[in-house]
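# Observations on chain architecture
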Amino acid sequence: MLINLPKMLVLSWNNVIFPPLDSSKIAFRITTVSEKFPELWQTPSDVSRRDSLLNISICHVEKFKFSKFEWKFDGQKFLGQECSQIFRIQDQKFHRVTVEIGDTVIEENLNLPPPRKFWIASIGDSFSSGQGNPGDKWLDESCYRSKLAFPVKLSEKIENSILSFLSCSGSTVEQGILSKNGQLEVLNSLIMSHGSPPNILFLTIGGNDIGFTDVISLVQRDSNIADKFDMRFFFVSHQIDRVAWKLREMNISRVVLLDYYDVTKNDENEVDASCGAFGQVSLSNLKLAEKKILQRLNQLLRRKAQEYGWITVDTSEIFGTRGICSNRSLIRSRNESLVLQGNEYGSFHPNEEAHQLIAMKILETLKEREILNN
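Residues numbered from 1 in each chain as written. Predicted model: local features only at pLDDT ≥ 70, side-chain atom pairs only at ≥ 80, totals over all residues. Heavy atoms only, no water.

## Some points on the overall build of the protein
When its secondary structure is counted, the protein shows 12 helices and 13 strands. By residue count, 47% of the 374 residues in the protein fall in the buried class. For the protein, long-range pairs separated by at least 24 residues make up 70% of all intrachain contacts whose partners lie at least 6 apart in sequence. (Helix = DSSP H or I, 4+ residues; strand = E, 2+ residues; numbered from the N terminus. Buried < 20%, exposed > 50% of the residue type's maximum accessible area, 1.4 Å probe, protein only. Contact = heavy atoms within 4.5 Å.)

## A word on the pattern of salt bridges
Applying the stated criterion to the full structure yields 19 salt bridges. A salt bridge links R96 to E107; the shortest N-O distance between them is 2.9 Å. With a gap of 11 residues between them, R96 in strand β7 (residues 95-101) and E107 in strand β8 (residues 104-110) connect regions that are remote in the sequence. Judged by its relative accessible area of 34%, R96 is partly exposed. A relative accessible area of 44% means that E107 is categorised as partly exposed. (Salt bridge = Lys/Arg side-chain N within 4 Å of Asp/Glu carboxyl O.)

## A short note on the pairing of strand β4 (residues 70-73)
Two faces belong to every sheet, and in a regular strand the side chains alternate between them. Residues of β4 alternate between two faces, with W71 and F73 buried on one and E70 and K72 left unburied on the opposite face. Sheet topology places β4 next to β7; four bridges connect them, and they run antiparallel. Note that in β7 the partner of F73 across the bridge is V97. Across three bridges, the pairing between β4 and strand β5 (residues 76-78) is antiparallel. The partner of W71 across the bridge, within β5, is F78. (Pairing = 2+ DSSP bridges.)

## A few points about the sheet that holds strand β10 (residues 161-165)
Strand order in the open sheet formed by six strands is β2-β10-β9-β11-β12-β13, with parallel pairing between adjacent strands. Each end of this open sheet is capped by a strand with a single partner; those strands are β2 (39-40) and β13 (311-313). Of the pairings in the sheet, the one linking β2 to β10 comprises two bridges and is parallel in character. Bridge assignment links E39 to a residue of β10, and that residue is I162. Here helix α5 (residues 183-194) sits on the sheet in contact with β9 (118-124), β10 and β11 (200-204), set at roughly 165° to β9. (Axes fitted to C-alpha atoms, helices over the stretch in contact; angles between N-to-C directions.)

## A short note on the nonpolar core
Residues L187, I205, W310 and I362 are the most contacted members of the largest nonpolar core, which totals 76 residues. Ranked by the residues each element gives to this core, the list is headed by helix α9 (residues 283-308), at nine residues. Counting 17 residues, the second largest nonpolar core, distinct from the first, contains I56, W71, F73 and I106. (Core = buried A, V, L, I, M, F, W, Y, C linked by side-chain atoms within 4.5 Å.)

## Side note on the sheet that holds strand β1 (residues 29-32)
With respect to topology, three strands assemble into an open sheet ordered β1-β3-β6, the strand pairing being antiparallel. Every other strand in the sheet has two partners, leaving β1 and β6 (84-90) as the edge strands with one partner each. For this sheet, the mean angle separating the axes of adjacent strands, direction not counted, is 30°.

## Re the state of the cysteines
Scanning the entire structure with this criterion turns up three disulfides. Paired through a disulfide, C59 and C83 show a sulfur-sulfur distance of 1.9 Å. Disulfide C59 to C83: torsion about the S-S bond roughly 95°, handedness right-handed. Highlighted residues: C59 in the loop between β3 (51-57) and β4 and C83 in the loop between β5 and β6, separated in sequence by 24 residues. Disulfide pairing is shown between C275 and C325; the S-S distance is 1.9 Å. Taking the sign of the S-S torsion, about -65° here, the bridge from C275 to C325 comes out left-handed. Placement of C275 in the loop between β12 (255-258) and α9 and of C325 in the loop between α10 (316-319) and α11 (334-341) is noted, with a sequence separation of 50 residues between them. Looking at the protein, its bonded cysteines, counted consecutively from the start of the sequence, adopt the pairing 1-2, 3-4, 5-6. (Disulfide = S-S within 2.5 Å.)

## Focus on the side chain of K153
Within the fold, K153 resides in helix α4 (residues 150-157). With a relative accessible area of 12%, K153 lands in the buried category.

## Focus: the packing of aromatic side chains
Across all of its chains, the model carries 11 aromatic pairs by this definition. On the numbers, 5.1 Å between centres and 65° between planes, the contact of W41 with W119 is edge-to-face. Of the two residues, W41 is situated in the loop between β2 and α2 (44-48) and W119 in strand β9; the sequence distance between them amounts to 78 residues. In this pair, the class of W41 matches that of W119, namely buried. With centroids separated by 5.5 Å and ring planes inclined at 40°, the aromatic side chains of Y261 and F319 adopt a geometry described as tilted. With Y261 in the loop between β12 and α9 and F319 in helix α10, the pair connects residues that are 58 residues apart, well separated along the chain. In terms of burial, Y261 and F319 fall into one category: buried. Through a chain of ring-to-ring contacts, three or more aromatic side chains come together here, namely F127, F150, F202, Y260, Y261 and F319. (Phe/Tyr/Trp six-rings, centres within 6.5 Å; stacked < 30°, edge-to-face > 60°.)

This is the structure in structure tokens:
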């Protein structure tokens, strides 16, 4: 009896500090874990795949703080002896989670409702696809769709977000957005599968329709470019109307329209052709193109946004002193494009830093309007 007295005293003291627990009254603490990369809904099969990444924890029980744990999920053992584990569960299905801590066994059947998702869709041209920023690998090389583009960057900042990233380099309204099997047709199939439209839609539109590549070509040899583009502006206006009517038909009312970035400005917020990026374009012709084409297109976009109740994001503060001839340029040069992606197609597009800044600007706008709370 005396020999066993120390052990008895230790047991008694442990029970004073940590009285025996009724494992049936211990509940797991469960939190949603944000994915490192946003969940993508690109096809109806993506929409039908409903699962969640959850952290299931017993760390809040003080008695188990320094214990070793053995976890089982639907009968399958998991390696690791931490007081919490991350599991991927199927929404609306029963899962059995068990953890053994010494002689204590805690188990629970989980049938969790899916966490509230914030669905973002992005349609448009190379501006929103992320052209010029291949990173380690394109998400879709045929569209020059980049994981460094602002739709992805923004999705990473919004909890439980899902992204339908449909923007494609080279797209016009006629060929890419409204065409057969085009971006809005794909988005409509996702809406049909999900049962409701996305929470928000990002739209970049008009640059290819107005013909930015033609602008650069024309200003090298002609100063009367404004007259040559008058009819194109009427055309672009009508094309934006067609997209707006289709979005209304699809019950998509919350649209964020971005104006186009200015590639012409230097560190002093002045149009600058001195760095050679614009070839043989004279400074006077470049100023004319900036005023008569870029500014006019952005004015048209803002008028259309007001007409249809869309939200606009002004990028002028971001690019106002950081055009291609700036010492802190946010625009890809021809040489950078050749090095990064092996061709010139990325030239005159926003770089990775620019996309990050655009994402932050959009996020500020959404928070100001309390859109993320709805």
